[in-house]
Amino acid sequence: MGKRIGMEVAVAVAEAVGLCNIDMAAVYPITPQSHIAEHLSDLVADGRIDAEFVTVESEHSAMSAVIGASGTGARSYTATSSQGLMYMHELLPIASAMRLPICMAIANRAVSGPLNILNDHTDIMPQRDSGWISIFVENGQEAIDMSIMSFKIAEHKDVMLPVNVNIDGFQLTHMVEPFEMPTQEEVNQFLPPFVPHATLHPSKPVTMGAFAMSDYFAEIMKAKDEALKNSKKVILDVWNEWGKLFGRKYQPVETYKIEDADVLMLTMGSMGETAQIAIDELRAKGVKAGLVKLRLWRPFPLAEIKAVLKNAKKLIVTDRAISFGGPGGPVFSEVKSALYAEAKRPLIYNYIYGLGGRDMAVKDFTGMFEKVLADTTNQEADTYEFWGVRE
Amino acid sequence: MNIVENFDLFAPRLINKKELLSPGHRACSGCGEVLAVRLMCKALGENTVIASATGCMEIISSMFPTTAWEVPWIHVAFENAASVASGIEAGLKALRKKGKIDDRYVKVVGMGGDGATMDIGFQALSGAMERGHDMIYVCFDNEAYMNTGIQRSSGTPMGASTTTAPAGKVSMGQKTWKKNMPEIMVAHGIPYVATACPSYPLDFIRKMEKAKSIKGPSYIHCFSMCPTGWRSPSHTAISMGRLAVETGAFPLYEVENGHYHLSSEMPKKFKPIKDYFKPQGRFRHLTADEIEMIQERVNIEYKKLVEKAKYLKI
Ligand SMILES: Cc1ncc(C[n+]2csc(CCOP(=O)(O)OP(=O)(O)O)c2C)c(N)n1
Ligand code: SF4
Ligand SMILES: [Mg+2]
């Protein structure tokens, strides 16, 4: 069993990645990712990890360099946030189409403008359709566990897709939390060496990133889509294996007190912990409230979402990003479309909250429940609401 | 004796016979750029990995499911060939050190057109050169964005007509001087910078081989004739490259650790620039005054180069 330690989450993520025998990392600093970048460079500087550390001149080059390195068969890692992620955007679908098992931490932060360095999910949402496996974590322990597991998932021969692990910036990356850090021996046993099937090496020349017109492009897209959908099986296998080894079991969708609940809330990321306290408070008052936490964003866990949500009377979907001029937040739109065909489904409400680091207290979550419970129209509003935003 | 004069005699013995860029690619007939790429591959040999930018050379060589490449080759995007190459270099270094791949030395090469190099990929290239990766970057400069239809770049010469800087009633076409990219690379303090042109194949190959022998970053700026974009007949590519050198429009030189050396191909006396302009449709609209203005600039630029070669000699 690993050691129980207290540490800043960003530093712990770098420590965890340091246990994964990476060959190469390329990073460009941005708040609040920078502690991951800095600590990784410390690990290299102190000889604690044997990897090439490329201090690129931009995030565009960070993603380009990890694509090149991953193409050679090197286990490659990067981390970014917000503007950095937006700057990488062009390359994300290329990395997944080339089936390169790159792993990346995203310290989620609001996207400009106006410039803001604090947490929300407006950076990851525009990357949704890039063909990456996308995972959200709630606390430091999950950030460590998911970072290590991401390599095993990405490099699995039936997956071969890049993975991003979303860690709420500041609200999670900069917290000092207690957690259990697996030992080097444990990670060595868990994580096999990466065996690529084609690499950039003269021993067997290959062409990567060819040009494909209408006669092949659609097939390549379909193959990528199928690969991403099929990756769920491997994700579940890897999470189960982890659960057996370390006692921490992960599900694509986690639930809290939903069995008899009339009204459910759905969250993604670190806000789940605060929402959970709100559930306890409401339960103490006799309100049958429950919480659903979406951990796996891509591939979207359609069956699991339906199974846990369809029996509730009311459902509050919370979003930390906006789809400007759209029907609702990105999480809301997906959840609603997942439930659309169900004969029995809850009335769905959408709140957009916590933008640009706006504080969310327990009372904000209880407030959402109270407002939804007070609604007796028995009709679904065809719009969303901003929570805690001045008019 | 100028070795190029006896090309037929020497070439078969001096040039690697193996084709690493195979025929059957889709370049226009008479393309000088693809000739340059082919010669580059001959100079580099098999132990090479190439990262290519988007552009003519990428499109014509890699139509899925076929490929013209006999060496490992990757294309990712337009502006990042140098960063992809940095990552390849880092990846191969790590894997070799850890014994995960065989121990042979592999040269990593980034390549892109003038647009990919001098405009959109400028930052990525600057970063890669500054970081000192063991790689060669080759700019295949055909003086415009040819792949997308002959739009101007910062490598387009003054007075050339392109589709986004066309000659018109009140315009002479390109109104800016060609960016001096080799000089910017010299300013990075890298060990080796050279200019080359496939009309002088042995000089080009020798420079590529020198770059290959250097452990560290090097930059080759290769003048790449494009009959399609220059609006000249397809059989003129080689002579156009010669004229660019013989008029001083594109001087051949190399810079080793900051020391300049003019290549032996440089003539003692230049032909007038109009001889080079005349066969090309892109310059056809230029007036005598405009040509004179460009001629003056060519003279000054060459003089500066000669001075550097005199005082900063190898
Ligand atoms: C980010 C981005 N912007 C624009 C393009 C469109 N584009 C593709 S190739 C090209 C021009 C290439 O010009 P150059 O680098 O000079 O190479 P050439 O085709 O002339 O050899 C352009 C503009 C692109 N692929 N990506
Ligand atoms: S447009 Fe010019 S550079 Fe491109 S393939 Fe044709 S001749 Fe070569
Ligand atoms: Mg060009």
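Since this is a predicted model, take the numbers as computed values, not measurements. Note that residues are indexed from 1 along each chain, following the sequence as it is written. As a convention, the first chain written is A and the first ligand written is 1, with the rest following in written order. Predicted model: local features are reported for residues with pLDDT of at least 70 only, side-chain atom pairs are reported and counted for 80 or more only, and whole-chain, interface and lining totals are derived from all residues. The side-chain values count all of the structure's non-hydrogen atoms but skip hydrogen atoms and water molecules.

Asks: Could you give me a rundown of the site of ligand 1, with the residues and numbers involved?
Replies: One heavy atom suffices: a residue is near a molecule or strand as soon as one of its heavy atoms comes within 4 Å of it. In the neighbourhood of ligand 1, 18 residues make up the surrounding shell, with B:C56, B:D114, B:G115, B:A116 and B:M146 lying closest. At ligand 1, the nearby residues belong to more than one chain, namely chains A and B. Within the backbone of B:A144, a nitrogen or oxygen atom sits 2.9 Å from an oxygen atom of ligand 1. The backbone of B:N147 places a nitrogen or oxygen atom 3.0 Å from an oxygen atom of ligand 1. Taken by itself ligand 1 offers 590 Å² of open surface, and the protein chains cover 77% of this. We define a polar contact as two N or O atoms separated by no more than 3.5 Å, with the added condition that, inside protein, one atom must be a possible hydrogen donor and the other a possible acceptor, whereas residues neighbouring each other in sequence contribute only through side-chain atom pairs. The Shrake-Rupley method, run with a 1.4 Å probe, gives the accessible areas here. Residue values count only the displayed protein chains as cover.

Asks: An account of the coordination of the magnesium ion (ligand 3) is needed here, citing residue identities and associated values.
Replies: Tetrahedral coordination by four donors places them ideally at 109.5 degrees to one another around the metal; octahedral coordination by six donors ideally gives 90 or 180 degrees. Residues and elements named next belong to chain B. Taken together, the protein ligands of the magnesium ion (ligand 3) are D114 (OD), N142 (OD1) and A144 (O), with distances of 2.0 to 2.1 Å. Distances decide who is a donor: an N, O or S atom must be within 2.8 Å of the metal, or within 3.2 Å for Na, K and Ca. Water is not included, so sites may look incomplete. When the donors of the magnesium ion (ligand 3) are listed by position in the chain, the intervening gaps give D-x27-N-x1-A. With D114 in helix α5 (residues 114-119) and A144 in the loop between β4 (135-141) and β5 (167-168), this pair connects stretches of sequence that are 30 residues apart. The same class applies to D114 as to A144, namely buried. The helix count covers DSSP runs of H or I at least four residues long, the strand count covers runs of E at least two residues long, and both are numbered beginning at the N terminus. Each residue is assigned to one of three classes by its accessible area relative to the maximum for its type, calculated with a 1.4 Å probe on protein chains only: buried under 20%, partly exposed between the two thresholds, exposed over 50%.

Asks: How would you sum up the pattern of salt bridges? Please name residues and give values.
Replies: Here a salt bridge means any side-chain nitrogen of Lys or Arg lying within 4 Å of a carboxyl oxygen belonging to Asp or Glu. By the definition in use, this model includes 48 salt bridges over all chains. Where A:R128 meets A:D129, a salt bridge forms, and the shortest distance between an N and an O atom there is 3.1 Å. Overall, the relative accessible area of 25% leaves A:R128 in the partly exposed class. Taking the shortest distance from any N to any O, the salt bridge between B:K207 and B:D203 comes out at 2.8 Å. Separated by four residues within a single helix, B:K207 and B:D203 lie in helix α8 (residues 201-213), roughly one turn from each other.

Asks: Which residues make up the interface of chain B and chain A, and what values do they have?
Replies: The accessible area lost on association of the parts is a frequent measure of interface size. Residues count as neighbours in contact if any of their non-hydrogen atoms are within 4.5 Å of one another. Opposite the 44 residues of chain B that make contact, chain A presents 41 residues. Between chain B and chain A the total buried area reaches about 3300 Å² when both faces are included, carbon and sulfur atoms providing 63% of it. On inspection of chain B and its partner chain A, the count reaches five salt bridges. On the surface where chain B and chain A come into contact, there are 19 residue pairs in polar contact (both at pLDDT 80 or more). If you list the elements that add at least two residues to the side of chain B that touches chain A, you get β1 (48-52), α3 (56-61), β2 (73-75), α4 (81-97) and α6 (122-130) of chain B. In terms of residue count, α4(B) provides more of the side of chain B that touches chain A than any other element does, 11 residues in total. Classification convention: Asp, Glu, Lys, Arg as charged; Ala, Val, Leu, Ile, Met, Phe, Trp, Tyr, Cys, Pro as nonpolar; all other residues, Gly among them, as polar. Looking at the side of chain B that touches chain A residue by residue, the class counts come to 21 nonpolar, 12 polar and 11 charged. Criterion used throughout: strands pair if DSSP finds at least two bridges between them. Relative to β2(B), strand β9 (residues 207-208) of chain A runs parallel, the two being bridged by two bridges. Residue pairing for β2(B): A:M208 is matched across the bridge by B:I74. Simply put, the buried area is the total loss of 1.4 Å probe accessible area from both parts when two parts are fitted together.

Asks: Kindly report on helix α9 (residues 271-284) of chain A, identifying the contributing residues and their values.
Replies: Residue and element names in this part refer to chain A. Multiply 1.5 Å by the residue count of a helix minus one, and that product is the helix's expected span. Relative to the 20 Å expected for 14 residues at 1.5 Å per residue, α9 spans 20 Å between its end C-alpha atoms, a close match to the ideal helical length. Those residues of α9 not exposed but buried are M271, G272, T274, A275, A278, I279 and L282. Seen along its axis, α9 keeps its buried residues to an arc of 155°; they face one direction. Throughout, the arc means that of the directions going from the helix axis to the C-beta atoms.

Asks: Quick one: what's the story with the domain arrangement of chain A, residue by residue and with numbers?
Replies: Residues and elements named next belong to chain A. Domain borders in the structure are assigned automatically or taken from a domain database. Domain annotation for chain A reports domain 1 (3-246) and domain 2 (253-386). Spacing between the C-alpha centres of domain 1 and domain 2 amounts to 28 Å. Each partner contributes residues to the interface: domain 1 has 30 residues there, and domain 2 has 26 residues. Buried surface at the junction of domain 1 and domain 2, summed over both partners, amounts to about 2300 Å²; 56% is from carbon and sulfur atoms. Applying the counting criterion to the domain 1 and domain 2 interface returns four salt bridges. E334 is paired through a salt bridge with R128; the nearest N and O atoms lie 2.9 Å apart. Those elements that place two or more of their residues in the side of domain 1 that touches domain 2 are β6 (133-136), α6 (140-155) and α8 (217-246). Here the element with the most residues in the side of domain 1 that touches domain 2 is α8; it accounts for seven residues. Grouping the amino acids of the side of domain 1 that touches domain 2 by side-chain chemistry returns 14 nonpolar, eight polar and eight charged.

Asks: Tell me what's going on with the sheet that holds strand β2 (residues 24-26) of chain A, and back it up with residues and numbers.
Replies: Pairing is mixed across the open sheet formed by seven strands, whose spatial order is β3-β2-β4-β5-β7-β6-β13 (chain A). The open sheet has two edge strands with one neighbour each: β3 (52-54) and β13 (296-298) of chain A. Across the sheet, the axes of successive neighbouring strands diverge by a mean angle of 20°, strand direction being ignored. Both β6(A) and β13(A) contribute to a ladder of two bridges, which runs antiparallel. Across the sheet, the residue bridging to A:I135 is A:L296, located in β13(A). Here α4(B) sits on the sheet and contacts β2 and β3 of chain A; the angle it forms with β3(A), its principal contact strand, is near 165°. Structural elements are reduced to axes, namely lines fitted to C-alpha atoms, with helices fitted over the stretch in contact, and the angle between N-to-C directions of any two is expressed from 0 to 180 degrees.

Asks: Can you lay out the sheet that holds β1(B) for me, pointing to particular residues and giving the numbers?
Replies: A sheet is described by the order of its strands in space; here nine strands give the open sequence β9(A)-β2(B)-β1(B)-β3(B)-β4(B)-β8(B)-β7(B)-β9(B)-β10(B), paired in mixed fashion. Across the chains shown, the open sheet's two edge strands, defined by having one partner strand only, are β9 of chain A together with β10 (259-262) of chain B. Where β1(B) and β2(B) come together, three bridges link them in parallel fashion. By the bridge assignment, B:I50 is partnered in β2(B) with B:W73. Contacts between α4(B) and the sheet are confined to β1, β2, β3 (107-113) and β4 of chain B, with β3(B) contributing the most and set at about 170° to the helix.

Asks: Quick one: what's the story with unusual backbone geometry, residue by residue and with numbers?
Replies: Across the junction of A:G113 and A:P114, the peptide omega takes the value 5°, indicating a cis bond. Position of A:P114 relative to the elements: it lies in the loop between β5 (103-108) and β6. Between B:F64 and the following residue, B:P65, the backbone shows a cis peptide bond with an omega angle of 5°. Positioned with a positive phi, A:S82 is a non-glycine residue whose angle comes to about 40°.

Asks: Could you give an account of the packing of α9(A) against helix α12 (residues 362-374) of chain A, naming the residues involved and the relevant values?
Replies: Residue and element names in this part refer to chain A. Running from amino to carboxyl end, α9 crosses α12 at an angle of 60°, the nearest separation of the two axes being 8 Å. In terms of orientation, α9 lies oblique with respect to α12. Relative to α12, α9 is oriented so that their crossing is right-handed. From α9, M271, T274, A275, I277, A278, I279, E281 and L282 reach across to α12, where they touch V362, F365, T366, F369 and E370. When grouped by side-chain class, the residues that make up the contact of α9 with α12 number nine nonpolar, two polar and two charged. Reported orientations rely on four angle classes, namely roughly parallel under 35 degrees, roughly antiparallel over 145, roughly perpendicular from 65 to 115, and oblique for the rest. Two helices cross in a left-handed way if the nearer one is turned anticlockwise from the farther one by less than a right angle. They cross in a right-handed way if the turn is clockwise.

Asks: Residue-level account of the pairing of strand β4 (residues 76-80) of chain A, with values.
Replies: Residues and elements named next belong to chain A. For β4, the tally of buried residues reaches five of five residues, placing the bulk of the element in the interior. Alternating residues of β4 divide into S76, T78 and T80 and Y77 and A79, and every residue in both groups is buried. Pairing geometry for β2 and β4, over two bridges, is parallel. Bridge assignment links A25 to a residue of β4, and that residue is Y77.

Asks: Could you give an account of the side chain of A:D120, naming the residues involved and the relevant values?
Replies: All names here are of chain A. Position of D120 among the secondary structure elements: in the loop between β5 and β6. Here the side chain of D120 touches T122 through a polar contact of 2.6 Å, side chain to side chain. One polar contact links the side chain of D120 to the main-chain amide nitrogen of G356, over a distance of 2.9 Å. Leaving out residues up to four positions away in the same chain, D120 has contacts with N108, R109, A110, R320, G354, L355 and G356.

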